[in-house]
Amino acid sequence: MIKKEMKSLKFRASVVTNVLTILCVLMLSVAASAQVTITHFNYPGHGDAWKAYLEDRAQAFEELHPEINIDIITAGSSGAYVESVLVMLAGGTPPDTTDFHAALAGGMINDGTFADLRSYLERDGFNLDELTVPAVVDILTAPNGQIWSLAGDLYTVSTFFNKNLFAEAGLANPAELGDDWTWETALESARRLTRDTTGDGEADQWGVDRIFARWYMWVHQAGGMVYDRTVNPTESKWNSEEVREGLQFPLSFYEAEATPPRNFPNLSSTYLWTGRTAFSMVDGPGTVGGSMANVSFDWDIARQVRGPENGGSEIAVSGFQMLSESKHPEEAWEWLKFIALDPDSLRTFMGYTGRLPGLTEQILEYGQYNENVPENWQAFFEVASDPNSRSNYVIPNAGAVNSIVNSKLLEVFNGETALETALQQIHEGVSAVLNDRR
């Protein structure tokens, strides 16, 4: 009798256990089915370290928010990124979040592609004006006042220089010159640092390289702009005296033969990190962990050279956006906050990428979270906080505009067309393109 009761109890216990197990499985299944998936579409041009940061943060975010899954998808190529987003939008399967840089976003900024983040920021107590520098606020704000993106990283263009070459020539280097690092001293330094080191009568060491690469900086330092505004410009200023003065500055290095000629064979073999050029004024933080990581000479950075009106530089901004057609805007916003506004995440970002983060407070911590940091790394912050520093222009129909601008400037730098003639031709061509948009 007792044995029968024991068997009965064991059977009932087994049934209860099985029922509980089934219930647990069902509950987990329901929880899984209720989980929201946020798709983040990654731009491959940011590089592997950027993607590794996103994957690290996705895991950390999911631990904090088990109800949200982050699915990171990377575009097949940098050139296909914009088209891929447009195709997904047209097909009704848009990603929730993206990581465009400002110039790549172009016409999407004002056509409703991106959600306005201003209300989210204000609701959660964030003031963009207090979080980052004015130039970044400017580029993240569309002409209609909407905030179309949060900052990811700041590429603050500074002066990189070969300390050994300056010392061997008996010249004060850019960091030592401080406020005296001007257009005039840069040109004179470049002249004196351009040398024939082999005795064959041909220069094989130069003062500066790629002086043409960011020509718009010199226009800004001369007090001008080539358009009426940075984001979605409507009017050309290409024929102004300030633009002519600004572009004459890089031309002066070619005229002085203090930079490798544009037709130099294998031009990349002359870049700063090869040791054949004394300084560069077109590089930023990404170069620290990249091309400058294993050079064979001592180097450092300084603020950007100072022009006749100011010493502002370029701040290129990559960021994180929410698409307006996201089906899960609240969850997407939580993800954006985590990767762009969380201090610990930004420290992780610096550790992975070696790049300058978007928030002022974390910029000041840059030296603590990066290897190979230059001695004068604070120059990055000085460039970022300079009120005269600007982002490059964000033009919706950039292809048409750039085809005009680049071809004419190439003619100027190759000595085929006079600067004044080219500027008038650019002004007329660009004005026609801009007028077509009105």
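Note: the structure precedes this text.
**Q** Explain the environment of Gly311 here, please?
**A** Tracing the chain through its elements places Gly311 in the loop between β8 (299-302) and β9 (315-322). Those residues within four positions of Gly311 in sequence are excluded, and the remaining contacts are Gln221, Arg303, Gln304, Val305, Arg306 and Asp386.

**Q** Hey, could you run me through the sheet that holds strand β2 (residues 68-74) in this one?
**A** Paired through their backbone hydrogen bonds, the strands of a sheet run either parallel or antiparallel. On the basis of which strands lie adjacent, the open sheet formed by 6 strands has the order β2-β1-β3-β9-β4-β10 and mixed pairing. The outermost strands of the open sheet, each flanked by one partner alone, are β2 and β10 (356-357). Across the sheet, helix α16 (residues 378-385) is in contact with β4 (150-156), β9 and β10; its angle to β4 comes to roughly 115°.

**Q** Can you help me understand the pattern of salt bridges in this one?
**A** Think of it this way: side chains of opposite charge can pair up when their charged atoms draw near. Within the structure shown, the criterion is met by 18 salt bridges. Between Asp386 and Arg303 there is a salt bridge, and its shortest N-O distance comes to 2.5 Å. Note that Asp386 is positioned in the loop between α16 and α17 (398-413) and Arg303 in the loop between β8 and β9, a separation of 83 residues in sequence. For Asp386, a relative accessible area of 10% puts it in the buried group. The shortest N-O distance in the salt bridge between Arg347 and Glu365 comes to 2.8 Å. In this pair, Arg347 sits in helix α14 (residues 343-353) while Glu365 sits in the loop between α15 (360-363) and α16, placing the two residues 18 residues apart along the sequence.

**Q** Could you clarify how one ought to interpret the packing of aromatic side chains in this entry?
**A** Any pair of aromatic rings gets described here by the distance separating the centres and the angle formed by the planes. With the rule as written, the count across this model stands at 29 aromatic pairs. Seen from their ring centres, Trp215 and Trp238 are 5.2 Å apart, and the 45° between their planes marks the pair as tilted. A residue pair is termed long-range when its members are at least 10 positions apart, and Trp215 in helix α11 (residues 215-221) and Trp238 in the loop between α11 and α12 (241-255) qualify at 23 residues. We note that Trp215, like Trp238, is buried. Ring centres of Trp218 and Phe249 lie 5.1 Å apart, and the angle between their planes is 75°; on these two criteria the pair is classed as edge-to-face. Residue Trp218 is located in helix α11, and its partner Phe249 is located in helix α12; the two are separated by 31 residues in the primary sequence. The class of Trp218 is buried, set by a relative accessible area of 0%.

Conventions adopted
Residues numbered from 1 in each chain as written. Predicted model: local features only at pLDDT ≥ 70, side-chain atom pairs only at ≥ 80, totals over all residues. Heavy atoms only, no water. Helix = DSSP H or I, 4+ residues; strand = E, 2+ residues; numbered from the N terminus. Contact = heavy atoms within 4.5 Å. Pairing = 2+ DSSP bridges. Axes fitted to C-alpha atoms, helices over the stretch in contact; angles between N-to-C directions. Salt bridge = Lys/Arg side-chain N within 4 Å of Asp/Glu carboxyl O. Buried < 20%, exposed > 50% of the residue type's maximum accessible area, 1.4 Å probe, protein only. Phe/Tyr/Trp six-rings, centres within 6.5 Å; stacked < 30°, edge-to-face > 60°.

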